[in-house]
Amino acid sequence: MKALVFDRHGDPARVLRQVDVPRPEPGPGQVRVRVTARPVNPSDLLFIQGCYGRRARFETRSDGPGGTGAVAAAGFEGAGVVDAVGPETSGPASGTRVAVAADGTWQEYVCAPAQDVIPVGAHLPLDAACQLTVNPFTAHLLLAGLGLRADDSVLLTAGASAVGRMIAWLAQRQGIRCLSCVRREEQLRPLERAGAVPLLVRTGTELAERAREATGGRSVNAALDSVGGALGGAALRWVRPGGRFVSYGMLSGRPLPVPPESLIFQQVRVTGFWLPERLERLEPTAVRRVTEEVGRAVTAGLPGLEVAARYSLDEYTAALGHASRPGRTGKVLLT
């Protein structure tokens, strides 16, 4: 089968390569999924670069005729059809359409624990289903973790991102006012239609100015930042005393400046969010509840599952280039 792998950390365009490897066999408690759609997520690229929360485990596997090598497979989520069930496994039967969270989804087949796949109905295209296990869960858990109530306010950086639009949509349905920072004028109207208050900002100074205009000078209850750098620092300074600031991304690649006075005098609670760690702390019943909530939200029209382009596994170089373009709307998929 085709698989996209890398033998060292580095620039994905340089270290990623396609190989032919044996099709995996599911073990006890596992199912095998024939994957037909896979998103290119920032977390996938960070993992290949060696900048993710955990390093890759390079394991020896056949590279097809002519040799072996210690490599790691890329990709954390996808969607397809269960085509084999391991022994002593209760879960989706062969032929079930599923979304899957697993290491190495950028290959034609992947084995995963049965509890890590989500059956999806025929009404949901696999192009959307392949995006279910990262961004929607992140949006739900981020917003729920803030403990906000109706009429509270939250400030988002990267408001036009998939997660940002999901959070704005969820916040609007809960009566929470969402101030969403964007960099381009064409991003304003879609967020307004989603119920958010879009702020056109490109610098930390502009963020403070636009937030002051939108709130009449009142600080916000919480901020969710996926950018870092000066913009993240400006968002932190706009959180009210005793409020919450959560960092969940590193889009700028720059450190987040945290003024000591925000911690000491303002008593702002600054925390980080990493989806794998958050899910590990949840009881199985809580994971099932979030999964059900995600399913209901998608059925009700959750935004952020749009597709910008589709590329075959053979075209992974072009897919990586497209995924890195600024101003892209929608997810780049490997199909």
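The paragraphs below set out a description of the structure included in this document. Note that the structure is a prediction, hence the values are computed from the model and not measured.

1. A look at the overall build of the protein chain
When helices and strands are tallied, the protein chain shows twelve helices and 17 strands. When the backbone C-alpha atoms are referred to their principal axes, the protein chain occupies close to 65 × 40 × 35 Å. Residues counted as buried form 52% of the 335 residues belonging to the protein chain. If you take every contact in the protein chain between residues at least 6 apart in sequence, the share linking residues at least 24 apart comes to 65%. Surface summary for the protein chain: the accessible area is close to 15,600 Å², and the carbon and sulfur share equals 50%. Each charge sign in the protein chain was given a centre, from 39 positive and 32 negative side chains, and these centres are 4 Å apart.

2. Some remarks on the pattern of salt bridges
The tally for this structure, following the rule as stated, stands at 15 salt bridges. Its salt-bridge partner being Lys-2, residue Asp-314 comes within 3.0 Å of it at the nearest N-O pair. Highlighted residues: Asp-314 in the loop between strand S16 (307–311) and helix H12 (316–323) and Lys-2 in strand S1 (residues 2–6), separated in sequence by 312 residues. The exposure class of Asp-314 is partly exposed, given its relative accessible area of 46%. Of the charged contacts in the structure, one is a salt bridge between Asp-11 and Arg-14, with a shortest N-O distance of 3.9 Å. Overall, Arg-14 belongs to the exposed group, its relative accessible area being 69%.

3. Digging into the sheet that holds strand S12 (residues 197–200)
Ordered by their spatial adjacency, six strands build an open sheet running S12-S11-S10-S13-S14-S15, and the pairing between neighbours is parallel. The open sheet terminates on both sides in strands that have one partner only, identified here as S12 and strand S15 (269–272). Put simply, the sheet's adjacent strands are angled 20 degrees from each other on average, direction ignored. Note that strand S10 (residues 153–156) and strand S13 (residues 220–225) share three bridges and pair parallel.

4. Thoughts on the side chain of Thr-138
Relative to the assigned elements, Thr-138 resides in helix H4 (residues 135–146). We classify Thr-138 as buried; its relative accessible area is 8%. Beyond its immediate sequence surroundings of up to four residues, Thr-138 is in contact with Val-163, Tyr-248, Phe-273 and Leu-275.

5. Thoughts on the nonpolar core
Membership of the largest hydrophobic core comes to 48 residues, with the highest contact counts inside it found for Leu-142, Leu-146, Val-154, Ile-167 and Leu-224. Only helix H3 (126–129), H4, S10, helix H5 (162–173), strand S11 (177–182), S13 and helix H11 (284–300) provide two or more residues apiece to this core. With seven residues, H5 is the single largest residue contributor to this core. Other than its neighbours up to four places away in sequence, Leu-146 contacts Val-154, Ala-222, Leu-224, Arg-244 and Val-246. In this structure, Leu-16, Ala-56, Phe-76 and Val-332 belong to the second largest nonpolar core, which totals 23 residues.

6. Focus on helix H7 (residues 204–215)
Under the 1.5 Å per step criterion, the end-to-end length of H7 is 16 Å for twelve residues, consistent within 8% with the ideal 16 Å. Buried within H7 we find Gly-204, Leu-207, Ala-211 and Thr-215. Mapping the buried residues of H7 onto a view down its axis gives an arc of 45 degrees, with all of them on the same face. Across from the buried face of H7, at angles greater than 90 degrees, the exposed residues are Thr-205 and Glu-213.

7. Re the environment of Ala-196
Relative to the elements of secondary structure, Ala-196 occurs in the loop between helix H6 (188–193) and S12. Classification of Ala-196 as buried rests on a relative accessible area of 8%. Leaving out residues up to four positions away in the same chain, Ala-196 has contacts with Ala-168, Cys-178, Ser-180 and Leu-191.

8. Comments concerning the pairing of strand S8 (residues 109–113)
Taken across its five residues, S8 has four buried, putting it largely inside the fold. Judged from the five bridges that link them, strand S3 (residues 30–39) and S8 form a sheet pairing that is antiparallel. Paired with Val-31 across the two strands is Ala-112, which belongs to S8.

9. Some remarks on the environment of Tyr-248
Here Tyr-248 is to be found in the loop between strand S14 (239–247) and helix H9 (260–264). On the accessibility criterion, Tyr-248 (18% relative accessible area) is buried. Residues Tyr-248 and Arg-328 lie 80 residues apart in sequence; the distance between their C-alpha atoms is 20 Å. In contact with Tyr-248, other than residues within four places in its own chain, are Thr-138, Leu-142, Val-163, Ile-167, Leu-224, Asp-225, Ser-226 and Phe-273.

10. Comments concerning the environment of Arg-17
One can find Arg-17 in strand S2 (residues 17–20). In the structure, Arg-17 is positioned ten residues away from Asp-7 in sequence and 9.0 Å away in space, judged by C-alpha atoms. Engagement of the side chain of Arg-17 in a polar contact is seen with the side chain of Asp-7, the distance being 3.4 Å.

Criteria and thresholds
- Residues numbered from 1 in each chain as written.
- Predicted model: local features only at pLDDT ≥ 70, side-chain atom pairs only at ≥ 80, totals over all residues.
- Heavy atoms only, no water.
- Helix = DSSP H or I, 4+ residues; strand = E, 2+ residues; numbered from the N terminus.
- Buried < 20%, exposed > 50% of the residue type's maximum accessible area, 1.4 Å probe, protein only.
- Contact = heavy atoms within 4.5 Å.
- Areas by Shrake-Rupley, 256 points an atom, 1.4 Å probe, with all protein chains shown as cover.
- Lys, Arg positive; Asp, Glu negative; His and termini not counted.
- Charge placed at Lys NZ, Arg CZ, Asp CG, Glu CD.
- Salt bridge = Lys/Arg side-chain N within 4 Å of Asp/Glu carboxyl O.
- Pairing = 2+ DSSP bridges.
- Axes fitted to C-alpha atoms, helices over the stretch in contact; angles between N-to-C directions.
- Core = buried A, V, L, I, M, F, W, Y, C linked by side-chain atoms within 4.5 Å.
- Expected span 1.5 Å × (residues − 1).
- Arc of directions from axis to C-beta.
- Polar contact = N/O pair within 3.5 Å; in protein donor to acceptor, adjacent residues only side chain to side chain.

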